[in-house]
Amino acid sequence: MKTAAIIYGRNDGYKEDDRVVLCITTLLDTFDEVWYIDWNSPEEEGSLLWRVENRLPKTGRLKHIMIPPSVISQLAPSNASVVPSPIPLNIALRRIEADWIVATTMDVIAPNKEIFNNFLSNASEDTFYTLSRRDIEYKDIMDNGIENWKKYRDNLDKTTEERRFFARVTPNDKYSIINCCGDFQLASRKVWNSIRGFEELMYYACFVDTTVQKKAILNGFGLEAIYNIPLYHMSHAGMGNDGSSPSKQIYNDAYEWVEWFEETRNTETWGLSNTDIEIETF
């Protein structure tokens, strides 16, 4: 059984270097592979991963894909979110060969590998899982010392409670299950491929993760929220724990993409599967 995690980002100063290093380090500790997709970083800055690579464990298990601004204009409208998550996530989904794949964010501290793998040993390859995060303050873990992250996480595992924060974005939404359901979405490669990943025409903020969960139901798969696997979401500037953010200027239409959504609009070449893309390994 092989596992992989996907994260994406941009080298624009929004995410602190320490946050990036901590997130990737914990993911490498838990997963067999970690894929980072750099999207739309300014040409003069280069990839965010290049900026922090000397601080990361040298494992040969970290995969890197960079999609520069010169290509972005052909893939998304000019008013799209700076990093519209569906396309970068799908690029990785089409290229990963692991049995189980997690789509997550740069703000997550991964769960304990033993706890996570114990869950997978009994998980169904026909179910889409969303794992409920537990919220922590970024400053707290930084004050504790980034090098002490594992001891800090082990203590949190013993002292924190399950986060049962339910959500609904439209009257008949039975798919969100939990608030901010996209922080840690887990499914077998079979499920991801069957539903054609995330909807690539969702260029703007919000509801992307609810829609992919509805897609799982529409394609005959199960959908389940998991609360008893501790994983942590580090707070960040401009974002409330309810997912609100002043940086989100344009939103996807919840009725179009959740309430009335019935089938994928992704083509058979979703994830740019017909395009050769360079993959670096660190």
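Residues numbered from 1 in each chain as written. Predicted model: local features only at pLDDT ≥ 70, side-chain atom pairs only at ≥ 80, totals over all residues. Heavy atoms only, no water.

Asker: Would you mind going over empty space enclosed by the protein with me for this structure?
Answerer: By rolling a water-sized probe across the atoms, one finds the places where empty space is left. Counted by the stated rule, this structure contains one cavity of 30 Å³ or more. For the largest cavity, the calculated volume is near 40 Å³. When grouped by side-chain class, the residues that make up the lining of the largest cavity number four nonpolar, no polar and two charged. (1 Å grid on protein atoms, 1.4 Å probe; cavity = no way out; pocket = protein on both sides within 12 Å on 5 of 7 lines; lining within 4 Å. Points joined across faces, edges and corners; volume = space filled by probe spheres on them. Nonpolar A, V, L, I, M, F, W, Y, C, P; charged D, E, K, R; others polar.)

Asker: Can you help me understand the layout of surface pockets in this one?
Answerer: In this structure, the second largest pocket occupies an estimated 220 Å³ of space. Surrounding the second largest pocket, Leu-75, Ile-87, Glu-200, Leu-201, Tyr-203, Arg-265, Asn-266, Thr-267, Thr-269, Trp-270, Leu-272 and Asn-274 form its lining. Tallied by class, residues from the lining of the second largest pocket come to six nonpolar, four polar and two charged.

Asker: Help me understand the state of the cysteines, please; the structure alone is not making it clear to me.
Answerer: Each disulfide consists of a covalent bond between the sulfur atoms of two cysteine residues. One pass over the structure, following the stated rule, counts zero disulfides. Free of any disulfide, Cys-23 has its nearest cysteine sulfur in Cys-180, 16 Å distant. The exposure class of Cys-23 is buried, given its relative accessible area of 0%. No disulfide involves Cys-180; its nearest neighbouring cysteine sulfur is the one of Cys-181, lying 7.9 Å away. According to the relative accessible area criterion, Cys-180 is partly exposed, its value standing at 24%. (Disulfide = S-S within 2.5 Å. Buried < 20%, exposed > 50% of the residue type's maximum accessible area, 1.4 Å probe, protein only.)

Asker: What exactly am I supposed to notice about the sheet that holds strand 10 (residues 232–234) here?
Answerer: What holds strands together in a sheet is hydrogen bonding between their backbones, with the strands either parallel or antiparallel. In space, the three strands of this open sheet follow the order 5-10-7, with mixed pairing throughout. On the outer flanks of this sheet lie strand 5 (108–109) and strand 7 (134–136), each paired with one strand and no other. For strand 7 and strand 10, the ladder comprises three bridges, and the chain directions are parallel. Among the inter-strand pairings, Asp-135 is bridged to a residue of strand 10, identified as His-233. (Pairing = 2+ DSSP bridges. Helix = DSSP H or I, 4+ residues; strand = E, 2+ residues; numbered from the N terminus.)

Asker: Help me out: how do you make sense of the environment of Ala-80 in this one?
Answerer: On the secondary structure map, Ala-80 appears in the loop between helix 3 (69–72) and helix 4 (86–93). On the basis of relative accessible area, Ala-80 is assigned to the buried category, the value being 17%. Apart from the residues within four sequence positions on either side, Ala-80 is in contact with Tyr-203 and Tyr-204. (Contact = heavy atoms within 4.5 Å.)

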